[in-house]
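For reference, the chains in residue letters:
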Amino acid sequence: MRYRWPDGNQCAVVLSFDVDAESGHVFRDPEQAATRLDTMEERRFGVRTGVPRILRLLEKYRLPATFYVPGYTIEHHTEVVKTIQAAGHEMGCHGNVHEAVEMLDAAAERRVMEEQLAIYDKHLGLRPKGYRSPSWSVNLRTPALLKEYGFVYDSSLMGDDIPYFVDTPHGQLAEVPIQWLLDDAPFYRHVYGATNAIAEPDRVIRLWTQEFQAMYRENGCFVLTMHPWVSGRAGRLDGLEQLIRAMRHEPGVWFATAMQVAECAIETNQNAGVRVASSQ
């Protein structure tokens, strides 16, 4: 087998949710965020309606998931975030106000890291060990900073479709890789000025099912990235349920958190020949 998963499983599936709420809009366009109710309410749908729906679906099939939550979301929607924690799902860092790392200098990146960890501790009594960069933006400093602050893994890079490692001055950082095809935003998000060709769930689920089947044959790690304000809509969540049923139909599918996948990679030291160098 290309990759050995626990208990002889054929592949791994990670269902992950980036609970951005309004944070990304606040960071990228603070003037609009301060004056436009429509754009803010669109994003608040995710925590108001999307998260409860997603938690119900996960509970229905008794599936684990990983939720990456910015500090802003924790501070402004604390009780909703606590329902994620109470359901027992993994929670990982995702910036403070969804700051794109490529827009930060070294001092600002460190400040943001410390702010989000302080928010997790204050409101949830939790120090995450997993990280996903907002907008999947990672510079050469980021892996070393993550290791310095005690993170076990990152899930922001696209260098493989099985776990690999990033070398830093502070030790190796496990990478649980992602890809754009398995992100809901390019398919479902409405963007003014773009083609506005919002995909119907049937098309998206067909694409995701095809990718899952290929990853299944390849012993891969199928990491699906969804946003509650995007995929929390009723019809889209119905589509996700169809995908879950299709995946559960195949034997040897390990539904895991990103942390479990990272721990498996570290314990077995597989794919250790694929290493990416970074710097401080």
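Residues numbered from 1 in each chain as written. Predicted model: local features only at pLDDT ≥ 70, side-chain atom pairs only at ≥ 80, totals over all residues. Heavy atoms only, no water.

Moving on, we get to the pairing of strand β2 (residues 66–69). Residues T66 and Y68 of β2 are buried on one face, and the alternating residues F67 and V69, pointing to the opposite face, are buried as well. Pairing analysis gives 4 bridges linking β2 to strand β3 (residues 90–93), with the strands arranged parallel. Within the sheet, the bridge partner assigned to Y68 lies in β3 and is G92. (Buried < 20%, exposed > 50% of the residue type's maximum accessible area, 1.4 Å probe, protein only. Helix = DSSP H or I, 4+ residues; strand = E, 2+ residues; numbered from the N terminus. Pairing = 2+ DSSP bridges.)

Interaxial distance between helix α3 (residues 37–61) and helix α5 (residues 78–86) falls to 10 Å at its minimum, and their mutual angle equals 10°. What the angle tells us is that α3 and α5 run roughly parallel. Two secondary-structure elements touch here, α3 through V47, V51 and L55 and α5 through V80, T83 and I84. Across the contact of α3 with α5, the residue classes break down as 5 nonpolar, 1 polar and no charged. (Axes fitted to C-alpha atoms, helices over the stretch in contact; angles between N-to-C directions. Parallel < 35°, antiparallel > 145°, perpendicular 65-115°, else oblique. Contact = heavy atoms within 4.5 Å. Nonpolar A, V, L, I, M, F, W, Y, C, P; charged D, E, K, R; others polar.)

What follows concerns unusual backbone geometry. Positive phi, close to 50°, is recorded for R62, a residue that is not glycine. As for its placement among the helices and strands, R62 is situated in the loop between α3 and β2.

Another aspect to go through is the nonpolar core. Counting residues in hydrophobic clusters, the biggest one holds 57 residues, and the most contacted among them are L15 and F67. Per-element tally for this core: the top contributor is α3, with 7 residues. Counting residues in each nonpolar core, the second largest holds 22 residues, with A12, I162, V176 and A265 among its members. (Core = buried A, V, L, I, M, F, W, Y, C linked by side-chain atoms within 4.5 Å.)

Turning our eyes to something else, we now look at the packing of aromatic side chains. Any aromatic ring pair is given by two values, namely how distant the centres are and how the planes are angled relative to each other. Summed over the entire model, instances satisfying the criterion amount to 8 aromatic pairs. Taking 6.0 Å as the distance between ring centres and 50° as the angle between the ring planes, the aromatic pair formed by W5 and W254 counts as tilted. Here W5, found in the segment before β1 (11–18), pairs with W254, found in strand β9 (residues 253–255); they are 249 residues apart in sequence, far enough to count as distant. Take W5 and W254: they sit in the same class, and that class is buried. Between F212 and F222 the ring centres are 5.8 Å apart and the planes differ by 90°, which places this aromatic pair in the edge-to-face class. Taken together, the residues F212 in helix α9 (residues 201–217) and F222 in strand β8 (residues 221–226) connect sequence positions 10 residues apart. Summarising the burial analysis for this pair, F212 and F222 share the class buried. One aromatic cluster in this structure is built from Y3, W5 and W254. Cation over ring: R43 sits above W229, and NZ or CZ is 4.7 Å from the ring centre. (Phe/Tyr/Trp six-rings, centres within 6.5 Å; stacked < 30°, edge-to-face > 60°. Lys NZ or Arg CZ within 6 Å of the ring centre and 35° of its normal.)

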